[in-house]
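# Coordinate inspection notes
Chain by chain, the residues:
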Amino acid sequence: MEQGAGTAPAAPRAKRPSPPVERLRQLVGGRWRAGGGRELLSVNPARPKEVVATGRLAQARDLDDAVAAAREAFPGWAATPHHGRAGVLAHVAALLDRRAEWYGEELAREEGKTRAEGVGEVRRAAEVFRYCAGEASRPAGEVFASPRPGEQIQVLHRPVGVVAAVTPFNFPIAIPAWKIAPALGFGNTVVWKPSGLVPLLAQRLAETLVEAGLPRGVLGLLHGDGELGARLAGHPGVDAVTFTGSTAVGRALIASCGTLARPVQTELGGKNAAAVLADADLGLAAAEVVAGAFRSAGQKCTATSRLVVADAVADELIARVVDRAAALRVGDPLEPSTDMGPVVSLQARDELQHAVDAAAARPGAEVLTGGRPYGGPLASGAYLPPTVVELTGDEPLWHDDPLWREELFGPVLVVRRARDDREALRLVNDSAFGLAAAVFTNDLHNVAAAIDTLDVGVLHINSETAGADPHVPFGGAGRSGYGPREQGSAARQFFTTTRTVYVRASTGGAR
């Protein structure tokens, strides 16, 4: 195949006036205030000259005030009956459902995923809040038998205190939801620093929580840079830190929280593999691999970035994947016909293009589709074509290739052939990351082998690597995460502490 062959841009959308530029504010102590730091601009990655929102970054005083307000609000919020807190979360869910189209379109403009994906993400955030509201009707603790007569042992769950939440750009409302909703539901207060690339959607979520009746000070929102995030995580008024983002930043937070003896929960990077075994349904496998690799422009920690194919079916499966990738329509995320929008910024686009160019220049790497920057109408936006690169030759040639080893966080899929099914599963494990994997097979022995041997936190059989439901644990092994899992019943492990209570009936006292 010709290098760079493939995706044509979607038809350009009819020009229409841009929406008004929104004003960004900090939420501190229940009041909205302008930040006093340097200017913050949120731009549309499809048209980087279009400003979506503008404001100023938070300063040290804003951080101190937000943490102080959260500490002051904590006793009252923790003492609120769980069903009372759940009522606020349920109200948030209803408001998010009602505003999914509005927020979803703003999300597409600010972050770059398609409008349909943006609307779906807002509805997923509503689902998370609704699930966490339901925690009020689930068991709140345990009762154990005592070895002593007349005594009962209770294990109760109590809120941790003030939680610092630091969230990334790629799911600007869903990832904050699965941190903030359980934290609030279990009685904690939260100070939140979202990514500076997606401040408007963060503000929309905070506005929704305030409108739903969240008491003053229970949530603080600070628009800031990485330095502010580090200062928030290390603030003496913070009791626990939950973080999703890059492995490098996450490791630094883990180290600083370890020094402070502060609980920390991190969800980090991924280099997720899909293994297509010799007996797989190739039509299903190709469709799921392409969805996992290129939805959200590959900007998911669970995106499929490696594809391992058993040699017996490699030619046909790779051809199917390349054809599907080349057929994706890339363009304005607000156009209904668009399959894939831009990456989040021009800087991200250029870094990804550099990585692909460097790979193409190395021996043993063949670009099967994509790989070259767009010209024409898409050239000014943060667009990259869906790109598939095959690594060929003996393993020593490609074993340390950055395309195989490093998380790129974009629409780039690297392919490697395996001699047989056993080697395919071995290559899935050939990574320092361990977030998600997918295995395509109809053989129960292969399913059992994958379950027993693959070192990942999330395993999909015959479905794409991406995807997380709010009622089950989510997280990874190795460099993909540290600390308790997120979502489902696992959320309680991080956002509460246990109190063991020994209750013995009084005998009237000794005289």
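## Concerning unusual backbone geometry
Look at A261: it is not a glycine, yet its phi comes out positive at around 55°. Looking at the secondary structure, you find A261 in the loop between α8 (247-260) and β12 (264-267). Given the relative accessible area of 68%, A261 is considered exposed. Here F409, not a glycine, exhibits a phi torsion of approximately 60°, which is positive. Along the polypeptide, F409 turns up in the loop between α13 (402-405) and β17 (412-418).

## Points about the nonpolar core
In terms of nonpolar packing, the biggest core is built from 59 residues, with L96 and F129 touching the most fellow members. For F129, the contacting residues outside a window of four places in its chain are L89, V92, A93, L96, A177, A181, L205 and L209. The next biggest cluster of nonpolar side chains, apart from the first, holds 41 residues, and it includes V198, L282, I318 and M340.

## Overview of the packing of aromatic side chains
Tallied over the entire structure, the rule returns 4 aromatic pairs. With 5.8 Å between their ring centres and 85° between their planes, F169 and F409 make a pair best called edge-to-face. With a gap of 240 residues between them, F169 in the loop between β8 (162-166) and α5 (174-185) and F409 in the loop between α13 and β17 connect regions that are remote in the sequence. By relative accessible area, which is 15% here, F169 ends up buried. An angle of 50° between the planes, with centres 5.6 Å apart, marks the rings of W178 and F474 as tilted. Separated by 296 residues along the polypeptide, W178 in helix α5 and F474 in the loop between β20 (458-461) and β21 (477-478) bring together distant segments of the chain. With a relative accessible area of 11%, W178 lands in the buried category.

## With respect to the confidence of the model for the protein
For the protein, per-residue confidence averages 94 on the pLDDT scale, and 95% of positions sit at 70 or higher. Contacts from residues 1-6, a stretch scored under 50 in pLDDT, to residues over four places away or in other chains number 16 contacts.

## Thoughts on the packing of helix α1 (residues 60-79) against helix α7 (residues 226-233)
With their axes 11 Å apart at the nearest point, α1 and α7 run at an angle of 35° to one another. In the crossing of α1 with α7, the sense of the turn from one axis to the other is right-handed. Residues A60, L63 and V67 of α1 pack against L228, R231 and L232 of α7. For the contact of α1 with α7, a count of residues per class yields 5 nonpolar, no polar and 1 charged.

## Notes on the sheet that holds strand β4 (residues 39-44)
Within the open sheet, the 3 strands sit side by side as β1-β5-β4. Their pairing is mixed. Of all the strands in the sheet, just β1 (22-23) and β4 have a single pairing partner and so form its edges. Where β4 meets strand β5 (residues 47-56), 6 bridges bridge the pair, whose relative direction is antiparallel. What sits directly across from L40, in β5, is G55.

## Observations regarding the environment of T266
With respect to the helices and strands, T266 occurs in strand β12. Among the residues examined, T266 registers a relative accessible area of 6% and is labelled buried. Each C-alpha atom, one on T266 and one on G475, is 8.6 Å from the other, the two residues being 209 residues apart in sequence. Excluding residues within four positions of it along the chain, T266 makes contact with F243, G250, I254, G481 and Y482.

Quick notes on the rules
- Residues numbered from 1 in each chain as written.
- Predicted model: local features only at pLDDT ≥ 70, side-chain atom pairs only at ≥ 80, totals over all residues.
- Heavy atoms only, no water.
- Helix = DSSP H or I, 4+ residues; strand = E, 2+ residues; numbered from the N terminus.
- Buried < 20%, exposed > 50% of the residue type's maximum accessible area, 1.4 Å probe, protein only.
- Core = buried A, V, L, I, M, F, W, Y, C linked by side-chain atoms within 4.5 Å.
- Contact = heavy atoms within 4.5 Å.
- Phe/Tyr/Trp six-rings, centres within 6.5 Å; stacked < 30°, edge-to-face > 60°.
- pLDDT = per-residue confidence, 0-100.
- Axes fitted to C-alpha atoms, helices over the stretch in contact; angles between N-to-C directions.
- Left-handed = near helix turned anticlockwise from the far one by under 90°.
- Nonpolar A, V, L, I, M, F, W, Y, C, P; charged D, E, K, R; others polar.
- Pairing = 2+ DSSP bridges.

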